[in-house]
Amino acid sequence: MTIRVASIPSPRYLGAVLALAAGALAACGSREPATAADDPVARGKYLVTAALCNDCHTPMKLGPNGPERDEAHLLAGHPQGVVVPPPPAAQGPWNVSTTDTMTAWSGPWGVSFTANLTPDPETGLGTWDAQTFIDTIRNARHMGKGRPLLPPMPAELIATLTDDDLRAMFAYLRSIPPVRNRVPDPIAPSIAAATP
Amino acid sequence: MTPRASALVLASGLVASGPACAPTAGADHADVAPLPVRLADTGLHAAGAVDVLAPGVRPFSPQYPLWTDGATKRRWIYLPPGAAIDATDPDAWVFPVGTRLWKEFAFDRPVETRMIERVADGSWRFAAYLWDGDGADAVLVPGGAAVDVGGGPPHEVPAVGDCRLCHDGPTPVLGFAALQLSPDRDPAAPHAEPVPAGAVDLPALAASGQLVGLPPAYLVTPPRIAARSPTERAALGYLHGNCGGCHDDRGALAELGLDLRHALDEPGGATDPALRTTLGRSGRAPLPGDPDAARVRIAPGAPDASVLLARVRSRDPQHQMPPLGTRRTDAAAVALLARWITELD
C-alpha cells in the first residue's frame with residue numbers, strides 16, 4: 001500500500017514555502033549564503049521540489065485517476081523492474097523520446113535512465129557526502145570525477161545554485177527513505193539503434 | 001600522416017571565447033596577474049628561444065608516467081630561489097608560492113604544454129597552451145581543444161576546469177613527489193622514459209637545499225614499492241601513477257574504498273592498500289557489458305573477471321578508466337595488469 005501525498009500543498013505548507021521563497025530571494029539579492037538558522041532539510045525539500053527533480057527522478061505510474069508520481073519510489077529513479085524495449089526511430093525534429101514513467105530517455109546520446117537519488121548505499125547515493133553531490137552537479141560528471149552525465153540531466157542549470165543550496169538539497173535527499181533500486185547502465189547510441 | 005598546423009581543430013572554448021578571455025582565467029585570484037596568453041611569457045624558456053630553458057628551470061621525469069595515448073612528454077619545474085618544498089608529510093609535499101611546473105605533450109611534434117602554478121594567495125592555477133604547427137610558440141586555450149594527431153581519435157587538451165579532476169587531493173602536484181623521483185627506478189614501468197640530462201631527482205633536490213623535512217630514511221633507502229615480484233611492483237606503480245590521483249583514501253573519492261595511491265610508509269606485500277582494496281573485493285561498478293556478472297575489482301587468477309582490468313581496457317566513455325585524458329587503450333598496461341592478475345592465483 002502506498003501513501004499518496006496530496007498534490008496540492010496545504011495552505012500551511014504553502015505558507016512555509018512562500019516564507020522560504022522570500023528568504024531565498026532575500027539571500028540571492030544580497031548575495032549572501034543561506035543562514036545557518038534555516039532548516040537545511042526543509043529548505044532542501046523546497047529546492048528539490050521547485051527545481052523539478054521529481055519530474056524525472058520519481059517515476060510516474062498509472063493510478064486510479066490517471067498518471068501520478070509513484071511516491072513509494074520517491075526520487076528512486078528508473079524502476080529496475082521496468083525493462084524498456086528499444087526506442088522508436090527518431091523522425092525529423094522528433095529526436096527525443098521518453099517512457100510513460102518519464103525515467104528512461106532516448107536521444108542522440110543513446111538511452112539514459114534517471115538515477116536513484118535515495119540514500120540506499122548499494123544503489124543510491126548512500127555512500128556520497130555533500131561534496132560528492134556538489135562536484136557531480138558542478139562538473140556534470142558521475143561522482144564529480146567520473147563519466148560525463150548524459151541528457152536530459154540539466155546539471156548546468158542546477159549548477160547555478162549556490163553551494164549552500166546544493167548542500168541543503170543533499171541534506172533533504174539524505175532524509176528520504178532509501179529505496180533499493182538498481183538503475184540500469186545507459187545504452188550507447190550504436191547499441192540502442194542496432195537493437196531491432 | 002604528418003600532423004600539420006592546418007590539422008588543428010579548435011574546440012568550442014577557444015572559438016567561443018578566444019584568447020581575449022584569458023584575463024578572466026586569473027580572476028579567481030584577485031591579487032594575482034592574469035595568466036600569460038603565450039607560453040613564451042610563463043618563464044619556461046629563455047627570452048626568444050624555445051630551445052633554451054630559463055635560468056632555474058629544471059627537467060624531471062616521474063618513474064611511473066601517465067598514459068596519454070602514446071604522447072611523449074617532457075616536464076620541468078621552477079622553484080623560486082631560496083624557497084623550499086616542505087616534505088614533512090612525505091606523501092603530500094607543500095610547495096612554495098611561486099612554484100611552476102610544466103608538461104609538454106608531443107605527437108611527433110609538440111602539441112600542447114600545460115602549466116601549474118602556485119600563486120601569491122596560496123592557491124594553484126592551471127593552464128594549457130596549444131602549440132602552433134611550426135613550433136614557434138603556444139597560446140593559452142582555457143576551454144580546451146581537440147587536435148588531429150594523424151588519424152584515429154584526436155588528442156584532447158583538457159579545459160582548465162578539468163585539470164582539477166585529476167590534480168586534486170592532499171597535493172595537486174602528482175608526478176613531482178618522492179616515489180616518482182626516486183633514483184631506484186622501476187625498469188619494468190610501462191612507458192618508462194629515459195631520464196633527461198640534468199634532471200632533478202630526490203637526492204639532487206635534497207642536496208640543492210630546496211627540499212626540507214623529508215624523513216632522512218628516504219635518502220638512505222630511496223622509495224620503492226615493496227612488492228612480491230617485479231610484475232607486481234610495476235603493476236602497483238602503474239596504478240599509483242595513473243589512477244592514484246583520484247583513487248586515494250585521502251581524496252574526494254575516498255568513499256569508494258578503492259585506494260590505488262601508494263603511500264611511502266606502506267609495508268608492501270598483501271597489506272598494500274591497492275591489494276587490500278581490490279583483491280577479491282566487490283565493488284559497486286559492474287563488469288563493463290555484463291551487469292549481471294560478479295562485481296569483483298580484481299579476481300586473483302582471473303583477469304577477464306576483474307572489473308579493474310576491464311575498465312582499464314575499455315574506451316567506452318561509460319566505463320573507461322581513467323574517465324578522461326585518453327581515447328586509446330594502453331595495451332602495454334593491459335598486458336602487464338593481466339600478467340599480474342594471472343600470477344596472483
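Each chain has its residues counted from 1, running along the sequence as written. Each chain gets a letter, beginning with A, and each ligand a number, beginning with 1, in the order they are written. With pLDDT at 70 or above as the cut-off, local features in this predicted model cover only qualifying residues; side-chain atom pairs require 80 or more to be listed or tallied, and sums for whole chains, interfaces and linings still use all residues. With hydrogens and water set aside, each side-chain value is computed from the structure's full complement of heavy atoms.

Next up on the list: the overall build of chain A. Secondary structure follows DSSP: runs of H or I at least 4 residues long count as helices, runs of E at least 2 residues long count as strands, and numbering of each begins at the N terminus. Looking only at helices and strands, chain A has seven helices and five strands in total. Partly exposed residues are those whose accessible area sits between 20% and 50% of the maximum for their type, while under 20% is buried and over 50% is exposed, using a 1.4 Å probe and protein chains only. Looking at chain A residue by residue over its 196 residues, the buried ones come to 38%. Across chain A, the fraction of contacts at a sequence separation of at least 24, relative to all contacts at a separation of at least 6, is 62%. We get accessible surface area from the Shrake-Rupley algorithm with a probe of 1.4 Å; when it comes to residues, only the shown protein chains can shield them. Here chain A has roughly 11100 Å² of accessible surface; of this, 64% comes from carbon and sulfur atoms. Note on definitions: a residue-residue contact is assigned when non-hydrogen atoms from the two residues lie within 4.5 Å.

All names here are of chain B. With antiparallel pairing, six strands are arranged side by side in an open sheet as β4-β5-β7-β8-β9-β10. Looking at strand neighbours, the two that pair on one side only are β4 (57-60) and β10 (138-140), the edges of this open sheet. Strand-to-strand twist of the sheet, defined as the mean angle between neighbouring strand axes without regard to direction, takes the value 25°. At least two DSSP bridges between two strands are required for those strands to pair. Pairing of β4 with strand β5 (residues 72-78) involves four bridges; the strand directions are antiparallel. Residue pairing for β5: Arg58 is matched across the bridge by Ile77. All axes here are fitted lines through C-alpha atoms, helices being fitted over the stretch that makes contact, and every angle between N-to-C directions spans 0 to 180 degrees.

Mapped onto the secondary structure, B:Arg297 falls in the loop between α7 (273-276) and α8 (307-313). Asp and Glu count as negative and Lys and Arg as positive, but His and the ends of the chain are not part of the count. By definition, a salt bridge exists where a carboxyl oxygen of Asp or Glu is found within 4 Å of a side-chain nitrogen of Lys or Arg. Buried B:Arg297, no salt bridge; nearest opposite-charge side chain is A:Glu122, N-O distance 9.9 Å. With sequence-adjacent residues up to four places away left out, B:Arg297 is seen in contact with B:Leu256, B:Gly257, B:Leu258, B:Thr277, B:Thr278, B:Arg281, B:Ser282, B:Gly283, B:Ser306, B:Val307 and B:Leu308.

Residue and element names in this part refer to chain B. Note that the domain bounds reflect an automated or database-derived domain assignment. We note that the domain assignment places domain 1 (17-220) and domain 2 (230-343) within chain B. Look at where the C-alpha atoms of domain 1 and domain 2 centre, and you get two points 25 Å apart. Listed by partner, the interface residues are 37 residues for domain 1 and 28 residues for domain 2. Here the quantity called buried area is the accessible surface, traced with a 1.4 Å probe, that two parts lose on coming together, added over both. Between domain 1 and domain 2 lies a buried interface of about 2600 Å² when both sides are counted; carbon and sulfur atoms form 56% of it. Applying the counting criterion to the domain 1 and domain 2 interface returns four salt bridges. Among the ionic pairs, Asp184 bridges to Arg233, the shortest N-O distance being 3.7 Å. Whenever two N or O atoms come within 3.5 Å, that pair is a polar contact, provided that in protein one can donate a hydrogen and the other can accept it, and provided that, for residues adjacent in sequence, both atoms are side-chain atoms. Our count for the contact surface shared by domain 1 and domain 2 stands at 15 residue pairs in polar contact (both at pLDDT 80 or more).

The α-helix advances 3.6 residues per turn, and as a result positions three or four apart in sequence lie on the same side. All names here are of chain B. A helix is expected to span 1.5 Å for every residue after the first. Taking 1.5 Å as the rise per residue, helix α6 (residues 230-243) with 14 residues should run 20 Å; its terminal C-alpha atoms sit 19 Å apart, in good agreement. Of all 14 residues in α6, twelve are buried, a share of seventy percent or more. All of the buried residues in α6 are Thr231, Glu232, Arg233, Ala234, Ala235, Leu236, Gly237, Tyr238, Leu239, His240, Asn242 and Cys243. Check the buried side of α6 and you find it contacts α7, α8 and α9 (331-343).

Turning our attention to the sheet that holds strand β4 (residues 104-107) of chain A. Strand pairing in a sheet takes place through backbone hydrogen bonds and is either antiparallel or parallel in direction. All names here are of chain A. Sheet architecture is open: three strands sit in the order β3-β4-β5, paired in antiparallel fashion. A single partner strand is all that each edge strand has here, and the edge strands are β3 (97-98) and β5 (110-113). Where β3 lies against β4, two bridges are found, and the strand directions are antiparallel. Looking at the pairing, Thr98 lines up with Trp105 of β4.

Turning next to the interface of chain B and chain A. Counting from both sides, the interface comprises 17 residues of chain B and, opposite them, 19 residues of chain A. Taking both sides of the interface into account, the surface hidden between chain B and chain A amounts to around 1500 Å²; carbon and sulfur atoms contribute 49%. Run the count over chain B and chain A and you get one salt bridge. Between A:Lys145 and B:Asp168 there is a salt bridge whose closest N-O contact spans 2.8 Å. Taken together, chain B and chain A are joined by seven residue pairs in polar contact (both at pLDDT 80 or more). For this scheme, ten residues count as nonpolar: Ala, Val, Leu, Ile, Met, Phe, Trp, Tyr, Cys and Pro. Four count as charged, namely Asp, Glu, Lys and Arg, and the remainder, Gly too, count as polar. Along the lines of polarity and charge, the residues of the side of chain B that touches chain A split into nine nonpolar, two polar and six charged.

Residues and elements named next belong to chain B. In the structure shown here, the tally under the stated rule is 20 salt bridges over all chains. Residues Arg228 and Glu232 are paired through a salt bridge, measuring 2.9 Å at the closest nitrogen-oxygen approach. Taking the shortest distance from any N to any O, the salt bridge between Asp248 and Arg261 comes out at 3.9 Å. Residue Asp248 is located in the loop between α6 and α7, and its partner Arg261 is located in the loop between α6 and α7; the two are separated by 13 residues in the primary sequence. Just as Asp248 is buried, Arg261 falls in that class too. The structure contains a network of salt bridges with shared partners spanning Asp184, Asp186, Arg224 and Arg233.

Before going further, it helps to spend a moment on the packing of α6(B) against α9(B). All names here are of chain B. Packing of α6 against α9 brings their axes to within 9 Å, and their N-to-C directions diverge by 130°. In this view, α6 runs oblique relative to α9, as classed from their interaxial angle. As for the relative orientation of α6 and α9, their crossing is left-handed in sense. Contacts between α6 and α9 pair Thr231, Glu232, Ala234, Ala235, Leu236, Tyr238 and Leu239 from the former with Ala333, Leu336, Leu337, Arg339, Trp340 and Glu343 from the latter. Here the residues of the contact of α6 with α9 are counted per class, giving nine nonpolar, one polar and three charged. Angles are sorted into four bins: roughly parallel if under 35 degrees, roughly antiparallel if over 145, roughly perpendicular if 65 to 115, and oblique for all others. Take the far helix as the reference: if the near one is turned anticlockwise from it by less than a right angle, the crossing is left-handed, and if turned clockwise, right-handed.

This part takes up unusual backbone geometry. With an omega dihedral of 0°, the bond running from A:Pro151 to A:Pro152 counts as a cis peptide bond. Residue B:Pro322 is reached from B:Met321 by a cis peptide bond, and omega for that bond is -5°. Despite not being glycine, B:Asp69 shows a phi value in the positive range, around 55°. Within the secondary structure layout, B:Asp69 lies in the loop between β4 and β5.

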